[in-house]
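# Coordinate inspection notes
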Amino acid sequence: MSIYIVSIAFSVLFLVAVLELVRRQRLKEQYSLLWILFGVLLLVVSFNVRFLERTAEWLDVKYAPALLFLFGLLFCFAFILHLTLVISKLTGQVLRLTQELAIMKGKHREGEGGTL
């Protein structure tokens, strides 16, 4: 069995899995777009063997299917960076909300006449 056939099968299964997760609302649409883009890109590259082989020759890669793994790895790095940005933003929001809640609790206690 050719690595290209395995790659095509994996791409199709991957796309079906992502779409099923979105359908069941286990994966938000905003994040699924990146996964769908990756699956489609992998499917296109897997179908277009000549493009992959020309790119491998241009990059001086001896085994062209290894580029499929390189594309996947680069996508994973980009996606991890994206998730890190989202986590950083959420961390700032949680900190701000925690501070606002503490201020509100303090004002509520002062209004009741209690001490801090």
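In the block above lies the structure referred to throughout.
Quick look at the structure, then. (Residues numbered from 1 in each chain as written. Predicted model: local features only at pLDDT ≥ 70, side-chain atom pairs only at ≥ 80, totals over all residues. Heavy atoms only, no water.)

What follows deals with unusual backbone geometry. Non-glycine residue Gln25 carries a positive phi angle of around 60 degrees. The class of Gln25 is exposed, set by a relative accessible area of 72%. (Buried < 20%, exposed > 50% of the residue type's maximum accessible area, 1.4 Å probe, protein only.)

Judged by nonpolar contacts, the single largest core of 16 residues is most densely connected at Leu27, Phe38, Leu52 and Leu68. Going through the elements one at a time, helix 1 (3-23), helix 2 (29-47), helix 3 (49-58) and helix 4 (66-112) are the ones with two or more residues in this core. What Leu68 contacts, discounting residues up to four positions off in sequence, is Ser7, Leu42, Val45, Ser46 and Leu52. (Core = buried A, V, L, I, M, F, W, Y, C linked by side-chain atoms within 4.5 Å. Helix = DSSP H or I, 4+ residues; strand = E, 2+ residues; numbered from the N terminus. Contact = heavy atoms within 4.5 Å.)

Moving on, we get to a nonpolar patch on the surface. Taken together, the side chains of Trp58, Leu59, Leu70, Leu73, Leu74, Phe77 and Ile80 present a nonpolar region at the surface, about 760 Å² in accessible area. Top contributing element to the nonpolar patch by residue count: helix 4, with 5 residues. Within the element layout of this structure, Leu73 appears in helix 4. Given the relative accessible area of 43%, Leu73 is considered partly exposed. (Patch = residues over 30% accessible without salt bridge, like charges linked within 9 Å, V, L, I, M, F, W, Y side chains within 5 Å. Areas by Shrake-Rupley, 256 points an atom, 1.4 Å probe, with all protein chains shown as cover. Salt bridge = Lys/Arg side-chain N within 4 Å of Asp/Glu carboxyl O.)

Time to look at the pattern of salt bridges. Per the stated rule, a full pass over the model turns up 3 salt bridges. Between Lys62 and Asp60 there is a salt bridge, with the nearest N and O atoms lying 3.2 Å from each other. A residue is classified by how much of its surface remains accessible, and Lys62, at 74% relative accessible area, is exposed. A relative accessible area of 56% places Asp60 in the exposed class. Via salt bridges that share partners, Glu20, Arg23 and Arg24 belong to a single interconnected network.

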